[in-house]
2 protein chains.
Amino acid sequence: MAVAKRLEVKLESNVLDNVEWYILMSKNIKISDIAKSLGISTATVSRALSGSDRVTQATKDKVKQEADRLHYRPNLAARNLRIQKSMAILLVVRDMSNPFYLEVFKGVEGIARRAGYSVLMGNTEGDVERENEYFNMLADGHVDGMILMTGKLPAKHKLLEMPASETSIVIALEKIKDCNLRRVIIDNEAAAEVATQHLIDLGHKKIAHIAGPEHEPMSMLRTKGYRNALKAAKLLSTEKLEYIGDYSLESGKAACHKLFSNAQDYPTALFVANDEMAFGVINELRKIGLDVPQDVSVVGFDNLSFSGSFYPPLTTISQPRIDIGKQAMHMLLNVMNGKIDTAVDMRMPTNLKIRSSTRQLNISDNSEVKND
Amino acid sequence: MAVAKRLEVKLESNVLDNVEWYILMSKNIKISDIAKSLGISTATVSRALSGSDRVTQATKDKVKQEADRLHYRPNLAARNLRIQKSMAILLVVRDMSNPFYLEVFKGVEGIARRAGYSVLMGNTEGDVERENEYFNMLADGHVDGMILMTGKLPAKHKLLEMPASETSIVIALEKIKDCNLRRVIIDNEAAAEVATQHLIDLGHKKIAHIAGPEHEPMSMLRTKGYRNALKAAKLLSTEKLEYIGDYSLESGKAACHKLFSNAQDYPTALFVANDEMAFGVINELRKIGLDVPQDVSVVGFDNLSFSGSFYPPLTTISQPRIDIGKQAMHMLLNVMNGKIDTAVDMRMPTNLKIRSSTRQLNISDNSEVKND
DNA sequence: TTGAAAGCGTTACCAG
DNA sequence: CTGGTAACGCTTTCAA
């Protein structure tokens, strides 16, 4: 605030009432300036400004007008100190460079700003250290609330030992074991089932799956959905048809080599647990001479903003990312205001976006004998 | 802070010295608690904690130990109010959902956190209203500094009327007319020239260009680089070979139809001002039966994280996004600390990433007669 | 080297 | 309905 400093010298002069001068020199007007100028108390000014109903409309108007004239802008640090809030929330993600989170952020930010909150974004990159750091920010009052998108919780943090109703945390899209915080989620299992069913409906019999990391709840749910669909259709479900990846492009490539090692007998369809891995397999498939969707159909999960411009345009499960962000923020707002909904989970809809990476399997394409 | 509230009741009791109790109840320890517990003044505690050299090492140690024992955590709002800083900076972008900004953000955040700053992200979406709002945040002291990535400035804002040395703003990657704020940039013109030259080196004669929005400085620079290269190679440069887009996927598609309307005589190469538009053209080209790079070579600009997984993997100009973010933040830190470098611009290197969307043009491919 | 005390700009309590 | 004033928790000046 070099500006403010420079002014203090000049303040000695007697032009304190000259509005023009204030504006020109960008002196920071405070409540007491308005009060002095109007000959009333700071208390009244404060109340008038915050729209308290314990002030006459007349004084309210007078104060507001004077505030405008003087270009008054409240000092947030002071207010925050006084009301013991930071008016900021924190969105924590695993990996900030994943574009997936951007739209969620957008949703969150929109609602937050309207409610007067700023949004900080933190990324843990899987680092427990940093995870803890972000939890500390909440504990320290650096932020008033937190939306967690890292399927993890610090091993032990004092915040987690308090009743959930007093912890301003909302979990988005992730499932965390042994944790009963409020969440906004999608039905991963059902969505995965829908995705797989789409493949089944297209006539595929041998459907493989590229999963996310083992033991990770979200990933397990998607795998479960895949298995459910196969089971319901009485199709082959074996571990040989499942590859465990880590959501990365690279692991998609690796899966390709594993699943398609036998040139004679490979799966004709693939349900991949996220779009990024799907990109990886498809590109690798092309390299080994297999075309999507001609030779193998692929459906992904996420519908990244990019998935539609991929070649071939990817059939995938679409999540309402912006709405998820909005809902999470709404929920957090409620939590912070003490209006805690009894409903613990808010479930957002997903839908299958059918594009061009999947196709009907002709009977002649299939070397296996139909068994029904 | 429901917690704190609940405690005030209990505070009446006489167990104020019971550390365990403090921890258990997550009572917020303040400097005066440490002072009281140690029988010294708050001034000394504050100094000890901030590492002032006007305290004996002995007391420093004592204080720090006690602070640890009591799990002291400073109250930022109070500190910020006192020192008249917010310890937060703002990164303003045009469109938050553009993944391009994510890595810049990552770079910024890393440096900022290390320096004790939080990072807020704002997006203007081209809205002048919001642009002004973000400038107000800076003027109000809501943030201490600002990194601008929207090639725009509010028409008139008091901040802009102060000497640049007192305005804590750094411009990243954009050029703004009539504005002498500090910037971290790349050499758009030279990079575009390199990109185009690559096409020329591959033997292409008829090279078209898909530009960004007209009148926008960055876009103009890239177009200029393209023209320079053609001129130097004595190649045809005409308005008919240039299409003005808006950086969007859609405008890339539109460009395709315009530039390739004549099936007999179309450009064999394309320099596209950003990757997103490149994706658009390439997909559209495929639809009208033209293969990249077989029939037409394409080079983009940006090297989005996705560009390598596109099909075909895109040849493009790569910008060091994370480093750009880091540098911008370093610069901002210097500005905020009053260590203003005399150097106004920091230029970051770019490089041409050659992948598979460009190929050597055979002489037989070219219907035109060589003229050299 | 340390301590007392004055703020930083608000809000909120308690009187009137 | 309004005014005086005590916080909020910290840093920093001025004295000792």
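## Quick word on the overall build of chain A
A count of helical and extended segments in chain A gives 13 helices and 12 strands. Of all 372 residues assigned to chain A, the portion counted as buried reaches 50%. A separation threshold of at least 6 residues defines the contact pool for chain A, and within that pool the share at least 24 residues apart is 68%. Total accessible area on chain A is roughly 17600 Å²; 50% of this is exposed by carbon and sulfur atoms.

## Some points on the protein's contact with DNA strand C
Neighbouring DNA strand C are 27 residues, the closest being I31, S46 and R82 of chain A together with T44 and R82 of chain B. Here, DNA strand C places atoms within 4 Å of the protein, and 62% of those atoms are sugar or phosphate. S46 of chain A has a polar side-chain atom sitting 2.7 Å from a phosphate oxygen of DNA strand C. Within the backbone of S41 of chain B, a nitrogen or oxygen atom sits 3.0 Å from a phosphate oxygen of DNA strand C. Where the surface near DNA strand C is concerned, the elements lending two or more residues are α4 (42-49) and α6 (76-83) of chain A together with α4 (42-49) and α6 (76-83) of chain B. Residues that form the surface near DNA strand C fall into these classes: 10 nonpolar, eight polar and nine charged.

## A short note on the protein's contact with DNA strand D
In the vicinity of DNA strand D lie 27 residues, with T44 and R54 of chain A together with I31, Y72 and R82 of chain B positioned nearest. Backbone atoms, meaning sugar and phosphate, make up 62% of the atoms of DNA strand D lying within 4 Å of the protein. At a separation of 2.8 Å, a base nitrogen of DNA strand D approaches a polar side-chain atom of R47 of chain A. One of the side-chain nitrogen or oxygen atoms of R47 of chain B is found 3.4 Å away from a base oxygen of DNA strand D.

## A short note on the pattern of salt bridges
Residues and elements named next belong to chain A. One pass over the structure, following the stated rule, counts 34 salt bridges over all chains. With its nearest N and O atoms 2.8 Å apart, the salt bridge here joins R69 to E66. Here E66 and R69 lie together in helix α5 (residues 57-69), a separation of three residues that amounts to about one turn. By relative accessible area, which is 41% here, R69 ends up partly exposed. Residue classification places E66 among the buried residues on the basis of a relative accessible area of 9%. In this structure, E284 engages K287 in a salt bridge whose closest nitrogen and oxygen atoms are separated by 3.8 Å.

## Section: the relation of the copies chain B and chain A
Overlaying chain B with chain A gives an RMSD of 0.0 Å, the required rotation being 180° about an axis along which the chain moves by 0.0 Å. Those values place the two copies in the arrangement expected of a two-fold rotation axis. Taken as a fraction of all interface residues of chain B, those also at the interface in chain A reach 100%, which identifies the copy contact as same-surface.

## Structural notes on the packing of helix α11 (residues 249-259) of chain B against helix α12 (residues 275-287) of chain B
Residue and element names in this part refer to chain B. The contact between α11 and α12 brings their axes to 7 Å, and the two run at 45°. Relative to α12, α11 is oriented oblique. In the packing of α11 onto α12, the handedness of the crossing is right-handed. Two secondary-structure elements touch here, α11 through L249, S251, G252, K253, C256 and H257 and α12 through E276, M277, F279, G280, V281, E284 and L285. Split into classes, the residues belonging to the contact of α11 with α12 amount to six nonpolar, four polar and three charged.

## Quick word on unusual backbone geometry
Residue P293 of chain B is bonded to the preceding V292 of chain B through a cis peptide linkage, with omega at 10°. Looking at the element boundaries, P293 of chain B is found in the loop between α12 and β9 (297-302). The residue after Y311 of chain B, namely P312 of chain B, is reached through a cis peptide bond having omega -5°. Here P312 of chain B is to be found in the loop between β9 and β10 (315-318). Even without being a glycine, K234 of chain A presents a positive backbone phi close to 55°. Within the element layout of this structure, K234 of chain A appears in the loop between α10 (217-232) and β7 (242-244). Of note in this structure, Y247 of chain B is not a glycine but carries a positive phi near 75°. Its place among the elements puts Y247 of chain B in the loop between β7 (242-244) and α11. On the basis of relative accessible area, Y247 of chain B is assigned to the buried category, the value being 14%.

## Re the side chain of E174 of chain B
All names here are of chain B. Position of E174 relative to the elements: it lies in the loop between β4 (169-172) and β5 (182-186). Look at E174 and you get buried, because its relative accessible area is 6%. Among the polar contacts made by the side chain of E174, one reaches the side chain of R94 at a distance of 2.6 Å.

## Some details on the environment of K326 of chain B
Mapped onto the secondary structure, K326 of chain B falls in helix α13 (residues 321-336). Along the backbone, K326 of chain B and T350 of chain B are 24 residues apart, and their C-alpha atoms lie at a distance of 15 Å.

## Overview of the interface of chain B and chain A
Taken together, the contact between chain B and chain A spans 49 residues of the former and 49 residues of the latter. Summing the contributions of chain B and of chain A, the shared interface buries around 4500 Å²; its carbon and sulfur component is 59%. Run the count over chain B and chain A and you get 10 salt bridges. With its nearest N and O atoms 2.7 Å apart, the salt bridge here joins E133 of chain A to R113 of chain B. The interface formed by chain B and chain A includes 11 residue pairs in polar contact (both at pLDDT 80 or more). At the level of elements, α1 (2-10), α6, α7 (100-114), β2 (118-123), α8 (128-139) and α12 of chain B are the ones that each hand at least two residues to the side of chain B that touches chain A. Looking at the side of chain B that touches chain A residue by residue, the classes come out as 21 nonpolar, 14 polar and 14 charged.

Rules behind the numbers
- Numbering of residues begins from 1 in every chain and follows the order in which that chain's sequence is written.
- All chains are assigned letters beginning at A, and all ligands numbers beginning at 1, according to the order in which they are written.
- pLDDT decides what is reported in this predicted model: residues at 70 or higher carry local features, side-chain atom pairs at 80 or more are listed and counted, and totals for whole chains, interfaces and linings draw on all residues regardless.
- Remark: hydrogens and water are excluded; side-chain values derive from all non-hydrogen atoms of the structure.
- A run of DSSP states H or I qualifies as a helix once it reaches four residues; a run of E qualifies as a strand once it reaches two. Both are numbered from the N-terminal end.
- The classification of residues rests on relative accessible area computed with a 1.4 Å probe and restricted to protein chains. Under 20% of the type maximum is buried, over 50% is exposed, and intermediate values are partly exposed.
- In this analysis, two residues are considered to be in contact whenever any of their non-hydrogen atoms come within 4.5 Å of each other.
- Per-residue accessibility takes into account occlusion by the displayed protein chains alone, with areas from the Shrake-Rupley method and a 1.4 Å probe.
- Here a residue is near a molecule or strand as soon as one of its heavy atoms is found within 4 Å of it.
- N or O atoms closer than or at 3.5 Å make up a polar contact, with two conditions inside protein: a donor-capable atom paired with an acceptor-capable one, and, for residues adjacent in sequence, both atoms drawn from side chains.
- Charged residues are taken to be Asp, Glu, Lys and Arg, nonpolar residues to be Ala, Val, Leu, Ile, Met, Phe, Trp, Tyr, Cys and Pro, and polar residues to be all remaining types, Gly included.
- Salt bridges, as used here, are contacts in which a Lys or Arg side-chain nitrogen is within 4 Å of a carboxyl oxygen on Asp or Glu.
- In this comparison the copies share one frame, found by least squares on the C-alpha atoms of residues holding pLDDT of at least 70 in both.
- Axes here mean lines fitted to C-alpha atoms, for a helix over just the part in contact, with angles spanning 0 to 180 degrees between N-to-C directions.
- Here roughly perpendicular refers to angles of 65 to 115 degrees, roughly parallel to angles under 35, roughly antiparallel to angles over 145, and oblique to all remaining angles.
- Handedness of a helix crossing follows the sense of rotation of the near helix relative to the far helix, less than a right angle counterclockwise being left-handed and clockwise being right-handed.
- By buried area we mean how much accessible surface two parts lose on assembly, using a 1.4 Å probe and totalling the loss over both.

In short, the description is geometric, and any link to function would need to be established separately.
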